[in-house]
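# Working through the structure, step by step
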Amino acid sequence: MRRSFLGVIILAAILMMNIIFTQYMVHQYYYENYEKVLIFGGLNIVLFPLAVFAYKKTINMRA
């Protein structure tokens, strides 16, 4: 089954945002900014259902 380029780009962008949020969360934890740690941890949790939704939408798309 082929994937559309748009779907792959969207999933790659979500993965990149997840990596950036995780790095920022670890950095803020090191400097004891716990409010920002919780904010970016929450954003990571929100990105997961968004990625699942994007994946399911791209399953039936044709290239």
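Residues numbered from 1 in each chain as written. Predicted model: local features only at pLDDT ≥ 70, side-chain atom pairs only at ≥ 80, totals over all residues. Heavy atoms only, no water.

## A look at the UniProt feature "transmembrane region" (unreviewed entry) in the protein chain
Basically, it comes down to this: UniProt positions are given in the numbering used here, feature names are shortened, and annotations may be inferred rather than shown by experiment. Helix and strand labels come from DSSP, where a helix needs a run of H or I of at least four residues and a strand needs a run of E of at least two; each type is numbered from the N terminus.
In the UniProt entry, the feature "transmembrane region" (unreviewed entry) is given for residues 5-25 and 37-55. With 100% helix and 0% strand, the stretch residues 5-25 has end C-alpha atoms that lie 30 Å from each other. In residues 37-55, helix accounts for 100% and strand for 0%; the two terminal C-alpha atoms are 27 Å from one another.

## Some details on the environment of N18
Note the following rule: When a residue's accessible area, from a 1.4 Å probe over protein chains only, is under 20% of the maximum for its type it is buried; when over 50% it is exposed; and in between it is partly exposed. Here, two residues are considered to be in contact whenever any of their heavy atoms come within 4.5 Å of each other.
Tracing the chain through its elements places N18 in helix 1 (residues 5-30). Taking relative accessible area as the criterion, N18 reaches 25% and is therefore assigned partly exposed. Once the C-alpha coordinates of N18 and F48 are considered, the two residues, 30 residues apart in sequence, prove to be 8.6 Å apart. If we ignore the near neighbours within four places in the chain, the residues touching N18 are N44 and L47.

## Re the nonpolar core
Basically, it comes down to this: In this text, buried Ala, Val, Leu, Ile, Met, Phe, Trp, Tyr and Cys residues form a nonpolar core when linked through side-chain atoms within 4.5 Å.
Among the nonpolar cores identified, the biggest contains 6 residues, and these are I14, F21, F40, L47, A51 and A54. Of all the secondary-structure elements, those providing two or more residues to this core are helix 1 and helix 2 (34-59). For this core, the leading source of residues is helix 2, giving 4 residues. When sequence neighbours within four positions are dropped, the list of residues in contact with I14 reads L47, L50, A51 and A54.

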